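Observations on the three-dimensional arrangement
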Amino acid sequence: MTSSAATSATSPPSSLFDPLPLPAFTAPNRIVMAPMTRLRAEPDGTPTPEMADFYAQRAGAGFQVSEGIWPHSAGQSEWRVPGLATAGNVAGWRTVTGAVHAAGGRIVAQLMHGGRKGHPDARYDGSAPAGASAVADPEWVHLPAGGKAPSPVPRVLSPADIAAVVAQHAAAARNAVAAGFDGVELHAANSYLTHQFLADNTNLRTDGYGGSITGRIRLALELVQALADAIGAERVGIRLSPANPQFAMVERDPAPLYRTLVGELDRIGLGYLHLTDNDAYPALTDLRPRWSGVLIGNVGENRDATTAAAAERTLGAGVADAISFGRGFLVNPDLPHRLRAGLPWNPLDHAHLYTPGPVGYTDYPTATTDAAPKQVRLS
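Residues numbered from 1 in each chain as written. Predicted model: local features only at pLDDT ≥ 70, side-chain atom pairs only at ≥ 80, totals over all residues. Heavy atoms only, no water.

A few words now on the packing of aromatic side chains. As enumerated under the stated definition, the model contains seven aromatic pairs in all. A centroid spacing of 5.5 Å and a plane angle of 50 degrees characterise the contact between phenylalanine 63 and tyrosine 272, whose relative ring orientation is tilted. With phenylalanine 63 in strand S4 (residues 63-69) and tyrosine 272 in strand S12 (residues 272-276), this residue pair connects regions lying 209 residues apart in the sequence. The buried category is assigned to phenylalanine 63, whose relative accessible area is 0%. When the centroid spacing of 5.3 Å and the interplanar angle of 55 degrees are considered together, the rings of tryptophan 93 and phenylalanine 181 count as tilted. Of this pair, tryptophan 93 sits in helix H3 (residues 87-102) while phenylalanine 181 sits in the loop between helix H4 (159-178) and strand S10 (184-187), and the two are 88 residues apart along the sequence. With respect to class, tryptophan 93 is no different from phenylalanine 181; both count as buried. These aromatic residues form a ring-pair network of at least three members: Phe54, Tyr55, Trp93, Phe181 and Tyr361. (Phe/Tyr/Trp six-rings, centres within 6.5 Å; stacked < 30°, edge-to-face > 60°. Helix = DSSP H or I, 4+ residues; strand = E, 2+ residues; numbered from the N terminus. Buried < 20%, exposed > 50% of the residue type's maximum accessible area, 1.4 Å probe, protein only.)

Another point: empty space enclosed by the protein. To find leftover empty space, one rolls a probe the size of a water molecule over the atoms. Applying the stated criterion to the full structure yields one cavity of 30 Å³ or more. Empty space within the largest cavity amounts to approximately 60 Å³. (1 Å grid on protein atoms, 1.4 Å probe; cavity = no way out; pocket = protein on both sides within 12 Å on 5 of 7 lines; lining within 4 Å. Points joined across faces, edges and corners; volume = space filled by probe spheres on them.)

Attention now moves to the pairing of S4. For S4, the buried fraction is high: seven of the seven residues fall into the buried class. The pairing of strand S3 (residues 31-33) with S4 spans two bridges and is classified as parallel. Opposite methionine 33, over in S4, you have glutamine 64 as the bridge partner. Pairing of S4 with strand S5 (residues 107-111) involves four bridges; the strand directions are parallel. From the neighbouring strand, valine 65 faces S5, where its bridge partner is valine 108. After leaving S4, the chain enters H3 and then returns to the sheet as S5, a path that is right-handed. (Pairing = 2+ DSSP bridges. Right-handed = clockwise from strand over helix to strand, strands pointing away.)

Set out below in structure tokens:
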């Protein structure tokens, strides 16, 4: 394939509102809904009716990436994070994807293994976290009964454990297709399991999964290949966040590692790369020439329509083919319309970001009606 960066000099730059051809489907615009943790699932990880409403309301995105979904209960990062491991999980997600498709949208499942993140008292199966090395997450964990607890020191995943994790991801990808998703995205960013193998301070291993760049990127490549083998490479994306210091992650020299990783990923023929830019490392600029497929940039958001101009500049520079928005979609079910028309955004309801039920979730008004969007119910 020829990269978008290589062709940008001879073809007009794309607009946010142009269609985006991907290997598995064509998105009607280049405004992607980024994954956002909302903690609305049932305790066993099954999606709720409100979740179907939430995603259906936002079906105007080019496509949506779901909130992070655990591929196995041992990878649950927080209470009420959804799963894709059981028949009940699959049936619940089928309601969500059915609502999105009925509204004309497309949706990809983000597979998110917590690794060291989590707590036995905040996991459905009561399991203890396990990660790349015995390095605890500095964040305290919210408990279902109220209050917080410090994150425990994780058990170190053995090579046999890692093989099981890879198999669990492949099974979850097959479940995603059975649930009606249009593809899957591996969450290899923002301090979750795969990122824990990439980062300096969370991977202290001396075996084949640590030490050298080849060792650090091994899990990411094994997971992606397993997903591609399970459902087809064209249905698989990956999210990376080079040099993201969130949750005390440390990557002292990210460029050599991510250049190598992206180069290896490019050989697999994935559906897309979802890349977070960072002030410490210009990932889009550095990695675009190493990626020949669709690249989605996550570059931060303002609170109003000036975001559209910034996003158009990023597309015009040829360093991304689409832009993902998180908070913009959280508070604006009709974000593409607001961006096109230059309309203001709804204010964020901080108090109900992570509370069960529709308040602060499915009750944000659209600009056209000045009222909460219609709730969707599928039998």
